[in-house]
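Here's the letter readout for the chains.
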Amino acid sequence: MQKKSFFNSLIFKLLLGIIIGIFIGSISNESFIAIIDAIKRILGDLIGYIVPLIVLGFITPAIVSLKESAGKVLSTSLLICYISSVGAATFSFIAGRIIIPHLNIASQVGAGKEIPEAIFKLSIAPIMPVMTALISAVLIGLAVLGTGSTTWENLLKEFNNVVLWIVDKVVIRILPLYIGVTFAELSYQGTIISELPVFLKVILIVIVGHFIWMALLYSIAGAISKASPKEVFRHYGPAYVTALGTMSSAATLSVALKCASKSKVLDPKIRDFVIPLCSNTHLCGSVLTEVFFVMTVSQIIYGELPATSAMITFILLLGIFAIAAPGVPGGTVVASLGLIISVLGFNDTGTALMLSIFALQDSFGTACNVTGDGAIALMVTGIFKKVPGRGNNPVYVPEEEAK
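Now for a description of the structure that goes with this document. (Residues numbered from 1 in each chain as written. Predicted model: local features only at pLDDT ≥ 70, side-chain atom pairs only at ≥ 80, totals over all residues. Heavy atoms only, no water.)

## So, the packing of aromatic side chains
Here comes step 1: Using the criterion set out here, one finds 4 aromatic pairs in the structure.
Here comes step 2: Taking 5.9 Å as the distance between ring centres and 40° as the angle between the ring planes, the aromatic pair formed by F211 and Y240 counts as tilted. Note that F211 is positioned in helix α6 (residues 196-225) and Y240 in helix α8 (residues 237-246), a separation of 29 residues in sequence.
Here comes step 3: Judged by relative accessible area, Y240 falls into the buried class, the value being 16%.
Here comes step 4: Plain terms: the ring middles of Y302 and F346 are 5.3 Å apart, the flat faces sit at 65° to each other, and that makes the pair edge-to-face. Linking Y302 in helix α11 (residues 284-302) with F346 in the loop between α14 (337-342) and α15 (348-360), this pair joins segments that are 44 residues apart in sequence.
Here comes step 5: For F346, a relative accessible area of 5% translates into the label buried. (Phe/Tyr/Trp six-rings, centres within 6.5 Å; stacked < 30°, edge-to-face > 60°. Helix = DSSP H or I, 4+ residues; strand = E, 2+ residues; numbered from the N terminus. Buried < 20%, exposed > 50% of the residue type's maximum accessible area, 1.4 Å probe, protein only.)

Here it is in structure tokens:
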């Protein structure tokens, strides 16, 4: 696979959008910022329109595909993925409650210039509210399974491909522009420069959180399987580094499988089933990051942390959205935009700022996701008593040693 230039990467485009946006905002007058505000609103409405399609296009096919895999192993793996995501999000929420008040974040709401009224408006309403889309996705998926409709099954698979194309070719392409105009407004208001050190602190904090959560996952996996978790994670270095470069669990899958195949404590059949499954359903690092970031952004933009009741609802639903999030850079936060807006009440500025700082660290979240998949595979191996060399299970010899 040809190596992608950094200058063509999403991170570079986002950084460029932020820098240009801050510069333009600092020199803009009221008339020009009114045009920028109009562009931001249109792009925000377009992303909001796509969100229900993402919910329908990913969650429904995921439900329908359940019949294609081994039932008990599949359901167990998905349940562990959900518990891991919710657990990581809860850990992040508790840490955020403790840490964020001590970051000396001063809300800038109302402290800067007023944004003039948009020079023109184009309202793009979504097809349906995001919660309606979620319920529809579940009901349609269950109905297709119940009726055994192959026509609908094939249609949903095609719809999944269509929505993935929309996410990849539309949402991801307009993100640098959307984020650029958002930072132009923040720069015009005079609120962004003073908060840049906060973003750097928060990114470092969540990276530390990733390693803490991975250590916890592997410790639990070792306790369940009664096997050494070191025999799994010590092989995951290349996969971690690859994920840092690709920002995609799917793109890192072949490397992750190769790394996991070197472990003597993973059952080969379970390994070859769980690792590909988790590359699309286990996003513990991403949800850990997202929860901490929404709390930080809420403090910066709105002057307070989200209510605990709203965060609990957000975390429980985010675990579901993470299982069916699109496998593209920033897929988790893109898929959950509806939750950020409807449950936490974020406006356009809040969501754009959330997209910005999430995307800037997305490679580390992806690396945590990929490395954590090895722990899930070890848990499932232990639950189904398939640890190689134990009981009647044959000893597994890695290919390198077999030669």
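## As for the pattern of salt bridges
Here comes step 1: Under the definition given, this model contains 5 salt bridges.
Here comes step 2: Between D272 and R271 there is a salt bridge, and its shortest N-O distance comes to 2.9 Å.
Here comes step 3: Residue classification places D272 among the partly exposed positions, given a relative accessible area of 44%. (Salt bridge = Lys/Arg side-chain N within 4 Å of Asp/Glu carboxyl O.)

## Focus: a nonpolar patch on the surface
Here comes step 1: A contiguous nonpolar patch, built from L216, I220, I224 and I383 and spanning about 300 Å² of accessible area, is present on the exposed surface.
Here comes step 2: When residues of the nonpolar patch are assigned to their parent elements, the largest contribution, 3 residues, is made by α6.
Here comes step 3: Secondary-structure assignment places I220 in helix α6.
Here comes step 4: Among the residues examined, I220 registers a relative accessible area of 38% and is labelled partly exposed. (Patch = residues over 30% accessible without salt bridge, like charges linked within 9 Å, V, L, I, M, F, W, Y side chains within 5 Å. Areas by Shrake-Rupley, 256 points an atom, 1.4 Å probe, with all protein chains shown as cover.)

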